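Here is what each chain is made of, one letter per residue.
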Amino acid sequence: MDTRTAAWNAVMTAVPGEQKLEIPAAAIEGRLPPELAGGRHLQNGPGWTRIGDRLAHPFDGHGFVRALEFTDDGGVRFRSRYVETPAFLAERAAGRLVYKGLGTNISDSPLRNLRAAGMRNVSNTTIQPWAGRLISGWEGGRPYALDAETLGTLGEE
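Residues numbered from 1 in each chain as written. Predicted model: local features only at pLDDT ≥ 70, side-chain atom pairs only at ≥ 80, totals over all residues. Heavy atoms only, no water.

## Examining the overall build of the protein chain
- A tally of regular secondary structure across the protein chain gives three helices and ten strands.
- Starting at the N terminus and walking to the C terminus, you meet the elements of the protein chain as α-β-β-β-β-β-β-α-α-β-β-β-β.
- Projecting the C-alpha coordinates of the protein chain onto the three principal axes gives extents of approximately 60 × 45 × 25 Å.
- For the protein chain, buried positions account for 36% of its 157 residues.
- Across the protein chain, contacts joining residues at least 24 apart in sequence account for 50% of those joining residues at least 6 apart.
- A total accessible area of about 9,200 Å² is found for the protein chain, and carbon and sulfur atoms account for 55% of it.
- The averaged location of the 18 negative side-chain charges in the protein chain is 8 Å from the averaged location of its 18 positive side-chain charges. (Helix = DSSP H or I, 4+ residues; strand = E, 2+ residues; numbered from the N terminus. Buried < 20%, exposed > 50% of the residue type's maximum accessible area, 1.4 Å probe, protein only. Contact = heavy atoms within 4.5 Å. Areas by Shrake-Rupley, 256 points an atom, 1.4 Å probe, with all protein chains shown as cover. Lys, Arg positive; Asp, Glu negative; His and termini not counted. Charge placed at Lys NZ, Arg CZ, Asp CG, Glu CD.)

If you want it as structure tokens, here you go:
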């Protein structure tokens, strides 16, 4: 396996944890551009693809939202959390795939795949501020509302 393939595989099989970090301005060498002060950068993407003994297609990785905030005093705050859809909660509890995905079956057994709980909504594609909340979306299902500060999942929108 070449270096690029190994790096891609490492990224796609990593299981990032939820994080909450604050870096005060005094701990930063140099200074952030003043135009960033008060700004926020949001990302959403697949954050959990190795579920039990199976590797899910990246389209089927559970949503992982990241928020990078630039404080007025020159510091930075970072927070990340999973979007807690029913599929995420069920698969975290079971430690294995429970729902079928766009590119991932739960098993190599056609019979087990037919009996699967249905399609998973992983809410892993978009993130948009809306009416004091964040809306996390995916092309194959309803969006989920998140708390704008904590990134905690409020429920289906």
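Next comes the rest of the description.
## Here's the deal with the nonpolar core
- Among the nonpolar cores identified, the biggest contains nine residues, and these are Leu 42, Val 65, Ala 67, Val 83, Ile 127, Leu 134, Tyr 144, Leu 146 and Leu 151.
- Not counting residues up to four positions away in its chain, the partners in contact with Leu 146 are Val 65, Val 83, Ile 127, Arg 133, Leu 134, Ser 136, Leu 151, Gly 152, Thr 153 and Leu 154.
- Counting residues in hydrophobic clusters, the runner-up holds eight residues, among them Ile 51, Phe 88, Leu 97 and Ala 116. (Core = buried A, V, L, I, M, F, W, Y, C linked by side-chain atoms within 4.5 Å.)

## Observations regarding the sheet that holds strand S8 (residues 133–138)
- The antiparallel open sheet is built from four strands, whose spatial order is S7-S8-S9-S10. Two strands in the sheet have a free side with no partner beyond their single neighbour: strand S7 (126–130) and strand S10 (153–156). For this sheet the average axis-to-axis angle between neighbouring strands, irrespective of direction, equals 25°. (Pairing = 2+ DSSP bridges. Axes fitted to C-alpha atoms, helices over the stretch in contact; angles between N-to-C directions.)

## Some thoughts on the pattern of salt bridges
- According to the stated counting rule, one finds eight salt bridges in the structure shown.
- Across the salt bridge formed by Arg 133 and Glu 157, the nearest N and O atoms sit 3.1 Å from each other. A residue pair is termed long-range when its members are at least 10 positions apart, and Arg 133 in strand S8 and Glu 157 in the segment after S10 qualify at 24 residues.
- The class of Arg 133 is partly exposed, set by a relative accessible area of 26%.
- Among the charged side chains, a salt-bridge network with shared partners connects Arg 40, Glu 69 and Arg 77. (Salt bridge = Lys/Arg side-chain N within 4 Å of Asp/Glu carboxyl O.)

## Brief notes about helix H2 (residues 86–94)
- Of the positions making up H2, those classed as buried are Ala 87, Phe 88 and Glu 91. Each buried residue of H2 sits inside an arc of 100° when the element is viewed along its axis, so together they form one side.
- Once H2 ends, the next one or two residues include Gly 95, with phi positive near 70°. (Arc of directions from axis to C-beta.)

## Brief notes about a nonpolar patch on the surface
- Residues Phe 59, Leu 102 and Met 119 make up a contiguous nonpolar surface patch of about 350 Å² in total accessible area.
- Relative to the elements of secondary structure, Leu 102 occurs in the loop between H2 and helix H3 (110–114). (Patch = residues over 30% accessible without salt bridge, like charges linked within 9 Å, V, L, I, M, F, W, Y side chains within 5 Å.)

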